[in-house]
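One-letter residues, chain by chain:
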Amino acid sequence: MIGHLISLHLGITRDLREAVCLAAAELQGAYAIVVIEEERPDRIIAARNGAPLLLGLSKNGNYTASDASALLQVTRQMVYLEEGDVAELTSDNYHVINITKNKLGTKVRRVELETDLTREAVELGPYAHFMQKEIFEQPVAIANTLEMVFSAHSLSPRLFGSEAESVFQKTSGILILACGTSYHAGLVAMHWLEAISGLPCSVEIASEYRYREPIANPDTLVVGISQSGETADTLAALKYAKSRGHRYSLAICNVPESALIRQTDLRFLSRAGPEIGVASTKAFTTQLAALMLLAAVFAKLRKTISKKQEQKLIDGLRHLPVAIQLALLIEPQIIEWAKNFSHKRHALFLGRGVHYPIAMEGALKLKEISYIHAEAYAAGELKHGPLALVDKEMPVVAIAPNDSLQEKLKSNLQEVRARGGELYVIADADSSIQESKGVHIIRLAEHAGMFSPILHTIPLQLLAYHVALQKGADVDKPRNLAKAVTVE
Ligand code: M6R
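Note that the structure is predicted; figures quoted are calculated from it, not measured. (Residues numbered from 1 in each chain as written. Predicted model: local features only at pLDDT ≥ 70, side-chain atom pairs only at ≥ 80, totals over all residues. Heavy atoms only, no water.)

**Q** Explanation requested: the overall build of the protein in the structure shown.
**A** When its secondary structure is counted, the protein shows 16 helices and 19 strands. Relative to its length of 488 residues, the protein is compact, with a C-alpha radius of gyration of 24 Å against a globular reference of 23 Å. Seen along its three principal axes, the alpha-carbon backbone of the protein occupies a region of about 75 × 50 × 45 Å. Taken across its 488 residues, the protein has 55% of its residues classed as buried. Taking as baseline every contact in the protein between residues at least 6 positions apart, the subset at least 24 positions apart corresponds to 69%. Counting every atom, the protein has about 21200 Å² of accessible surface; 52% of that belongs to carbon and sulfur. (Helix = DSSP H or I, 4+ residues; strand = E, 2+ residues; numbered from the N terminus. Rg over C-alpha atoms; globule rule 2.2 N^0.38 Å. Buried < 20%, exposed > 50% of the residue type's maximum accessible area, 1.4 Å probe, protein only. Contact = heavy atoms within 4.5 Å. Areas by Shrake-Rupley, 256 points an atom, 1.4 Å probe, with all protein chains shown as cover.)

Structure representation (structure tokens):
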């Protein structure tokens, strides 16, 4: 369609750049287009609106791609195009015009910058898959994300931007908007924000929020969570929240040059490094680390924690990379579990409280890369319906840390066993849950307290990875899915 439209204009103007500009001006919605004319293969015209597109510059030629990681083999010098930009590139030159105000474009200057990304960061190295690499990179990713906290020895709002302190002082509630795995991070954060800082918090799926008529409180801070920072629904939901009256917004994002980072008043960059596997892993745990930090900063500001508790939180954050390293040691046991899952068609994931979103994340990981139908339930909901599905063919994964809900969870697990369901329990080191017939247990190396959702994620990521591997699935590029969902 777009090709035909450009060719129609080319028939009149005879100039490819003009034809692309005129065609782009007629397009509705998000696009990133790259066009080459048969007669002039030495020239590329690239245009973007709502979808990411950048230029890569080098002595040996100029390039264009939707993501910097695609160009690291050839250059680290990038130009990020903005909404309505049209770029013309040859091997030794480029220029950019913008068509927002004038259909044929007005010349604009865009900053050339050297990306922090390195070639090694996007290479597999000794790993078989990017997902495996990214799971094992989590200790470093978390350490990098929290580096500023470790050096500051205190929880400062400035970690979220220079304006953050004055915005946070006025904040009376939090609204989190996100999709997929990032939405699950938001759900965990809701528990933390309410319990630690006493701030009311709600979490919404961005694609739903943008089409309803929510009532906005201007002092409720809108937090957009996104690994890519280019998810169309999340970007649109944040804009919509502003139009409904929310005064301030904050991005928790992994890509510094992304649209989300440019769109919000405040920002926190998780420093997970490029995540290439479609299934999000290190982006999720670094989002959680960032969100725990947000809860802790609000708690300090609102004086809901003492100096001693603040120090305990910082110590806990500092210990996280080591704790994750230890959690990764359970891989051999997970490989054994995976053998019992690879031939299954369905699986159930159970959790309670702050671990219910972790069960949701475990189910999402499994279904997205192994194509096994997996559902997550808040364990207390079992008896309201899903228990009917449980029989000996149904593996049931339970996230069972030593928290205040453990006794309740134990009776939910008995309900499963009574129906013949095979239980796979992820428990804390000192858990009272015992292994028995039909009850398999993996104990994490440590009892992680309030950081437990982060640690309990690790076995679930490994489980999804090894089940998919045993099924021979394409772990990094699961069918029908894209890494960044830049369309509705
Ligand atoms: O880039 P984002 O965090 O905004 O992406 C949101 C979802 O598309 C993403 O988390 C998706 O659910 C992942 N494939 C899950 O592994």
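**Q** Looking at this model, I keep getting lost on the packing of aromatic side chains. Mind explaining?
**A** Here a ring pair, both rings aromatic, is described through the centre-centre distance and the interplanar angle of the planes. A full pass over the atoms with the stated rule returns 7 aromatic pairs. An aromatic cluster is built from Phe160, Phe168, Phe268 and Phe298, whose rings are joined through pairwise contacts. Geometry around Tyr371 places Arg479 over its ring, the cationic atom sitting 3.8 Å from the centre. (Phe/Tyr/Trp six-rings, centres within 6.5 Å; stacked < 30°, edge-to-face > 60°. Lys NZ or Arg CZ within 6 Å of the ring centre and 35° of its normal.)

**Q** Explain the sheet that holds strand β1 (residues 31-37) here, please?
**A** Across the sheet, which stays open at both edges, the 5 strands sit in the order β1-β2-β6-β7-β8 with antiparallel pairing between neighbours. The open sheet is flanked by β1 and β8 (106-108), the only strands paired with a single partner. Strand-to-strand twist in this sheet, taken as the mean axis angle between neighbours without regard to direction, amounts to 25°. For strand β6 (residues 85-90) and strand β7 (residues 93-98), the ladder comprises 6 bridges, and the chain directions are antiparallel. Within β7, the residue paired with Ala87 across the bridge is Val96. Strand contacts of helix α2 (residues 16-26): β1, β2 (40-49), β6 and β7, with the helix running at about 20° to β2, the strand carrying the most contacts. (Pairing = 2+ DSSP bridges. Axes fitted to C-alpha atoms, helices over the stretch in contact; angles between N-to-C directions.)

**Q** Help me out: how do you make sense of the layout of surface pockets in this one?
**A** Vacant regions in the atomic arrangement are exposed by a probe of water-molecule size rolled over the atoms. Size it by volume and the largest pocket reaches roughly 1100 Å³. Lining the largest pocket are 44 residues, with Leu117, Val255, Gly273, Pro274 and Glu275 sitting closest to its centre. Looking at the lining of the largest pocket element by element, the count peaks at 3 residues for helix α4 (residues 138-145). Here the residues of the lining of the largest pocket sort into 19 nonpolar, 12 polar and 13 charged. (1 Å grid on protein atoms, 1.4 Å probe; cavity = no way out; pocket = protein on both sides within 12 Å on 5 of 7 lines; lining within 4 Å. Points joined across faces, edges and corners; volume = space filled by probe spheres on them. Nonpolar A, V, L, I, M, F, W, Y, C, P; charged D, E, K, R; others polar.)

**Q** Whenever I open this one, the domain arrangement of the protein confuses me. Can you help?
**A** Where the parts come together, the accessible area they lose is often given as the size of the interface. Its domain assignment divides the protein into domain 1 (2-120), domain 2 (129-305) and domain 3 (329-471). Spacing between the C-alpha centres of domain 2 and domain 3 amounts to 26 Å. Between domain 2 and domain 3, the residue contacts involve 25 residues of the former and 21 residues of the latter. Summing both partners gives a buried area of about 1900 Å² for domain 2 against domain 3, and 76% of it is carried by carbon and sulfur. The interface formed by domain 2 and domain 3 contains 0 salt bridges. One can count 8 residue pairs in polar contact (both at pLDDT 80 or more) joining domain 2 with domain 3. Counting only elements with at least two residues in the side of domain 2 that touches domain 3, the list comes to α3 (130-136), α4, α7 (180-197) and α11 (282-301). Counting residues per element, the side of domain 2 that touches domain 3 draws most heavily on α7, which supplies 9 residues. (Domains from an automatic or database assignment. Buried area = accessible area lost by both parts, 1.4 Å probe. Salt bridge = Lys/Arg side-chain N within 4 Å of Asp/Glu carboxyl O. Polar contact = N/O pair within 3.5 Å; in protein donor to acceptor, adjacent residues only side chain to side chain.)

**Q** Would you explain helix α12 (residues 307-327) in this entry?
**A** Since one α-helical turn is 3.6 residues long, residues separated by three or four positions face the same way. A rise of 1.5 Å per residue sets the reference length of α12, with its 21 residues, at 30 Å; its end C-alpha atoms lie 29 Å apart and thus fit the reference within 8%. Where α12 bends most, the angle comes to about 45°, and this point is Leu320, followed within four residues by the proline Pro321. (Expected span 1.5 Å × (residues − 1). Bend = angle between axes of the 7 residues up to and from the residue.)

**Q** Where do I start with the site of the ligand in this structure?
**A** Surveying the vicinity of the ligand reveals 15 residues, the closest of which are Ser182, Ser226, Ser228, Thr231 and Glu368. Contact between the ligand and Thr181: an oxygen atom at 3.1 Å from a main-chain N or O atom of the residue. Note that an oxygen atom of the ligand is positioned 2.8 Å from one of the backbone N or O atoms of Ser280. Considering the ligand on its own, with 410 Å² of exposed area, one finds that the protein chains cover 90% of that surface. Going through the elements one at a time, α7 and α14 (356-370) are the ones with two or more residues in the shell around the ligand. Of the residues contributing to the shell around the ligand, the split by class is 5 nonpolar, 8 polar and 2 charged. (Near = heavy atom within 4 Å.)

**Q** So what exactly am I meant to see when it comes to the sheet that holds strand β16 (residues 373-378) here?
**A** In sheet architecture, strand pairing relies on hydrogen bonds along the backbone and comes in two forms, parallel and antiparallel. One open sheet accounts for 5 strands, arranged β16-β15-β17-β18-β19; its pairing is parallel. Edge positions in the sheet fall to β16 and β19 (439-443), since each has one partner strand and no second. Sheet twist, expressed as the average angle between the axes of neighbouring strands with direction ignored, equals 20°. Seen against the sheet, helix α13 (residues 331-341) touches β15 (346-351), β17 (395-400), β18 (422-427) and β19 and runs at an angle of roughly 150° to β19. Relative to β16, α14 is tilted by about 175°, and along the sheet it contacts β15, β16 and β17.

**Q** What should I look at first to understand the environment of Val354 in this one?
**A** Positionally, Val354 belongs in the loop between β15 and α14. Classification of Val354 by relative accessible area gives buried; the value is 17%. In this structure the C-alpha to C-alpha distance between Val354 and Ala232, which are 122 residues apart in sequence, comes to 27 Å. Once you skip the residues sitting within four places of it in the chain, Val354 turns out to touch Val188, His191, Trp192 and Pro453.

**Q** Help me understand the pairing of β16, please; the structure alone is not making it clear to me.
**A** In summary, the side chains of a regular strand alternate between the two faces of the sheet. Where β15 lies against β16, 6 bridges are found, and the strand directions are parallel. Within β16, the residue paired with Gly351 across the bridge is Ala378. Regarding topology, α14 serves as the crossover connection from β15 to the parallel β16, and that connection is right-handed. (Right-handed = clockwise from strand over helix to strand, strands pointing away.)

**Q** Hey, could you run me through the nonpolar core in this one?
**A** General note: in soluble globular proteins, nonpolar side chains tend to be found buried as a group. Core analysis: the biggest nonpolar cluster contains 93 residues, and Phe160, Phe168 and Phe349 have the highest contact counts within it. With 13 residues, the top contributor of residues to this core is α11. Shared between two domains, this core holds at least three residues of each, these being domain 2 (129-305) and domain 3 (329-471). Setting aside residues no more than four positions away along its own chain, Phe168 makes contact with Pro157, Phe160, Leu221, Leu266, Leu294, Val297, Phe298 and Leu301. (Core = buried A, V, L, I, M, F, W, Y, C linked by side-chain atoms within 4.5 Å.)

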